[in-house]
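What the coordinates show
The lines below spell out each chain.
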Amino acid sequence: MNPRDDVTEEFFRWEIATACAGAVLGINPFDQPNVQESKDNTNRLLDVVRREGRLPEPAPSLRDGALVVFPTDTVYGIAANPGRPGATDRLFAAKGRPRELELPVLAPDLASARTVADLDERAERLAARFWPGPLTIVAPRAAASGGWDLGGDPSTIGVRVP
């Protein structure tokens, strides 16, 4: 890695963190003209903390089977936790995606990708060269993803590290 790539990666991490924090707080942190609205929402949350001693219950998340929107390296994506019953059904419906088109799985790193896909030597070389990045590798499913309903061919999985 070079320092320029390191800065780019760190910026991307902060953008994701900012988007997630905004979703939890119920604000749009990227809508700069609404700074006052963001301050007002924050003050309302602080009032709840002062009154109740804790933050309100968070919005549904991937762990709960909810759909979430997030930025990737190429587009904004809609994600679901394939390990939660019904989550991918909701994703197919929300995207209007035919079930024959298998849903890709995004992984945070190569080690995590290996837990859901059996990557052979060629796939490992491609991953080392092009990840993180816009390359989706289709490989046989590993045991951890064998029961996931991703549509398409139940023996394969498309995995990517954005």
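Details of the structure are given in the entry above.
Residues numbered from 1 in each chain as written. Predicted model: local features only at pLDDT ≥ 70, side-chain atom pairs only at ≥ 80, totals over all residues. Heavy atoms only, no water.

Below, the discussion takes up the side chain of Glu-102. Examined against the element boundaries, Glu-102 turns out to sit in the loop between α3 (87–95) and β3 (105–106). Buried within the structure, Glu-102 lacks any salt-bridge partner; Arg-141 is the closest side chain of opposite charge, at an N-O distance of 4.0 Å. Side-chain polar atoms of Glu-102 contact the side chain of Thr-156, separated by 3.3 Å. Contacts of Glu-102, omitting those with residues within four sequence positions, involve Arg-97, Arg-141, Leu-150, Gly-151, Gly-152, Asp-153, Thr-156, Ile-157 and Gly-158. (Helix = DSSP H or I, 4+ residues; strand = E, 2+ residues; numbered from the N terminus. Buried < 20%, exposed > 50% of the residue type's maximum accessible area, 1.4 Å probe, protein only. Lys, Arg positive; Asp, Glu negative; His and termini not counted. Salt bridge = Lys/Arg side-chain N within 4 Å of Asp/Glu carboxyl O. Polar contact = N/O pair within 3.5 Å; in protein donor to acceptor, adjacent residues only side chain to side chain. Contact = heavy atoms within 4.5 Å.)

Here we come to the environment of Gly-65. By the secondary structure assignment, Gly-65 is in the loop between α2 (35–52) and β1 (68–71). It is 7.4 Å that separates the C-alpha atoms of Gly-65 and Gly-86, two residues lying 21 residues apart in sequence. In this structure Gly-65 touches Arg-84, Ala-87 and Arg-90, once residues within four positions along its chain are discounted.

Our focus in this paragraph is the nonpolar core. Side chains of a nonpolar character, in soluble globular proteins, are inclined to be buried together. In terms of nonpolar packing, the biggest core is built from 21 residues, with Leu-119, Trp-131, Ile-157 and Val-159 touching the most fellow members. For this core, the secondary structure elements donating two or more residues are α3, α4 (110–116), α5 (121–130), β4 (137–140) and β5 (156–160). With 3 residues, α3 is the largest single contributor of residues to this core. When sequence neighbours within four positions are dropped, the list of residues in contact with Leu-119 reads Leu-110, Ala-113, Arg-114, Glu-124, Ile-137, Ala-139 and Val-159. (Core = buried A, V, L, I, M, F, W, Y, C linked by side-chain atoms within 4.5 Å.)

Another aspect to go through is α3. Taken as a whole, α3 has its buried residues at Ala-87, Thr-88, Leu-91 and Phe-92. The buried residues of α3 all sit within an arc of 135° when viewed along its axis, so they share a single face. Those residues of α3 that are buried are in contact with β2 (76–79). Positive backbone phi, approximately 65°, marks Gly-96, located one or two places after α3. (Arc of directions from axis to C-beta.)

The strand order across the open sheet built from 3 strands is β3-β5-β4, with neighbouring strands paired in mixed fashion. Each end of this open sheet is capped by a strand with a single partner; those strands are β3 and β4. Of the pairings in the sheet, the one linking β4 to β5 comprises 4 bridges and is antiparallel in character. Note on β5: the bridge partner recorded for Ile-137 is Val-159. (Pairing = 2+ DSSP bridges.)

Right, let's get into the pattern of salt bridges. Taken as a whole and judged by the stated rule, the model has 6 salt bridges. Between Arg-114 and Glu-124 there is a salt bridge, with the nearest N and O atoms lying 2.8 Å from each other. You can see Arg-114 sitting in helix α4 and its partner Glu-124 sitting in helix α5, a full 10 residues away along the chain. On the accessibility criterion, Arg-114 (41% relative accessible area) is partly exposed. Here Arg-122 and Asp-120 are joined by a salt bridge, their closest N and O atoms 3.3 Å apart. Salt bridges linked by common partners bring Asp-89, Arg-99 and Asp-149 together as one network.

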